Amino acid sequence: MCPAINSSYQVTIAPGAYVCEERLQLVGEISIGSKTIIHPGVSIIAEAGPIFIGDGNLIEEQCVIANRFPPGVDKDQMNQVVMIIGNNNVFEVGSQCEALKVGDNNILECKAQVGRSVTLTSGCVIGAKCSLTTDEVLPENTVVFGSDHQRRTMPDRPAFQTHQLDFLARILPTSHYVLKHGTKSHTQPAT
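Residues numbered from 1 in each chain as written. Predicted model: local features only at pLDDT ≥ 70, side-chain atom pairs only at ≥ 80, totals over all residues. Heavy atoms only, no water.

As recorded in an unreviewed UniProt entry, the chain goes by the name Dynactin subunit 6, listed as coming from Adineta ricciae. UniProt lists a comment for the chain under the heading Sequence similarities (unreviewed entry), and it reads "Belongs to the dynactin subunits 5/6 family. Dynactin subunit 6 subfamily." Of the chain, the UniProt comment under Subcellular location (unreviewed entry) reads exactly: "Cytoplasm, Cytoskeleton". (UniProt positions renumbered as here; feature names shortened; annotations may be inferred.)

J.: Teacher, can you tell me more about a nonpolar patch on the surface here?
T.: Together, Phe52, Val82 and Ile84 line one region of the surface with nonpolar side chains, adding up to about 220 Å² of accessible area. Here isoleucine 84 shows up in strand 9 (residues 83-85). (Patch = residues over 30% accessible without salt bridge, like charges linked within 9 Å, V, L, I, M, F, W, Y side chains within 5 Å. Areas by Shrake-Rupley, 256 points an atom, 1.4 Å probe, with all protein chains shown as cover. Salt bridge = Lys/Arg side-chain N within 4 Å of Asp/Glu carboxyl O. Helix = DSSP H or I, 4+ residues; strand = E, 2+ residues; numbered from the N terminus.)

J.: Got a minute to help me understand the nonpolar core in this structure?
T.: One broad rule of soluble globular proteins: the nonpolar side chains tend to lie buried together. Of all hydrophobic cores here, the largest spans 37 residues; its most connected members are Ile32, Leu120 and Ile126. Elements with a contribution of two residues or more to this core: strand 1 (9-13), strand 3 (25-32), strand 5 (43-46), strand 6 (51-53), strand 9 and strand 15 (118-120). In this view, leucine 120 contacts Lys101, Val102, Gly103, Asn106, Leu108, Val114, Ile126 and Leu138; residues no more than four positions away in its chain are not counted. Core analysis: the second largest hydrophobic core is formed by 12 residues, Cys20, Leu58, Val125 and Ala169 among them. (Core = buried A, V, L, I, M, F, W, Y, C linked by side-chain atoms within 4.5 Å. Buried < 20%, exposed > 50% of the residue type's maximum accessible area, 1.4 Å probe, protein only. Contact = heavy atoms within 4.5 Å.)

J.: Looking at this structure, I do not really get the sheet that holds strand 19 (residues 142-145). What am I missing?
T.: Remark on secondary structure: sheet strands pair via backbone hydrogen bonds, oriented parallel or antiparallel. Pairing in this open sheet of 9 strands is mixed, and the strands run 20-19-16-13-10-7-4-2-21 from one edge to the other. The two strands at the open ends of the sheet, each matched to only one other strand, are strand 20 (150-153) and strand 21 (178-179). The pairing of strand 10 (residues 90-91) with strand 13 (residues 107-108) spans 2 bridges and is parallel. Across the sheet, the residue bridging to valine 90 is isoleucine 107, located in strand 13. (Pairing = 2+ DSSP bridges.)

J.: How should I be thinking about the pairing of strand 3 in this particular structure?
T.: As a general feature of sheets, a regular strand has side chains that alternate between the two faces. As judged from the 5 bridges shared by strand 1 and strand 3, these two strands associate in the parallel manner. Bridging from a neighbouring strand, glutamine 10 pairs with glutamate 29 of strand 3. Alignment of strand 3 against strand 5, held across 3 bridges, turns out to be parallel. Opposite leucine 26, over in strand 5, you have isoleucine 44 as the bridge partner. Alignment of strand 3 against strand 6, held across 3 bridges, turns out to be parallel. Residue pairing in the sheet places isoleucine 32 in a bridge with isoleucine 53 of strand 6.

J.: What's the story with the environment of alanine 66 in this structure? I'm lost.
T.: By secondary structure assignment, the location of alanine 66 is in strand 8 (residues 64-67). Measuring from C-alpha to C-alpha, the distance between alanine 66 and isoleucine 85 comes to 11 Å, with 19 residues separating the pair along the chain.

J.: Sorry if this is basic, but what is going on with helix 1 (residues 162-175) here?
T.: Residues spaced three or four apart along an α-helix point in a common direction, a consequence of the helix completing one turn every 3.6 residues. Along its 14 residues, helix 1 runs 21 Å from first to last C-alpha, staying within 8% of the 20 Å computed at 1.5 Å per residue. Taken as a whole, helix 1 carries its principal kink of about 30° at alanine 169; the proline proline 173 stands between one and four residues after it. Every buried residue of helix 1 is accounted for by Leu165, Leu168, Ala169 and Leu172. Of the surrounding elements, those touching the buried residues of helix 1 are strand 2 (18-20), strand 4 (37-38), strand 7 (58-59) and strand 21. (Expected span 1.5 Å × (residues − 1). Bend = angle between axes of the 7 residues up to and from the residue.)

The following block contains the structure:
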């Protein structure tokens, strides 16, 4: 079973990470940290440069993490840009993240969208179906919620998902094909 269809990729998976192979789309150079869990049906697209995903992240079904070229840019004239995702972040079902810098302990709730020009610091929560595409740096512990994208600051960061990560690390390998740690690559045949 090939995790990517019609794409070239090189992925490095740290020991202790679990990457479900079903419906997984990988493009480009990707590094996945220890204790990170990636559910089936995730797309990680590193077109404009590599993506480094830290330790202890939870990436749920149908999520898209993409480092794409900005619209209207000549791809041959642009330098590679690195996307860095910190530790202990949660990307809930159907969320999309194109932010080049994501700190630690953030949560993107179901179907939340974060654009390329946004920087998530640490402890931020982007509510369900909220979309951020402005050029901004979200202050630590910011919560964005509601249909009109209200904001407030939480006194504390969200709790770590340690118990959920441990549970998934035990259960996922029993019911899914999981990519083993190490480096895997695939080159799309020339047409």
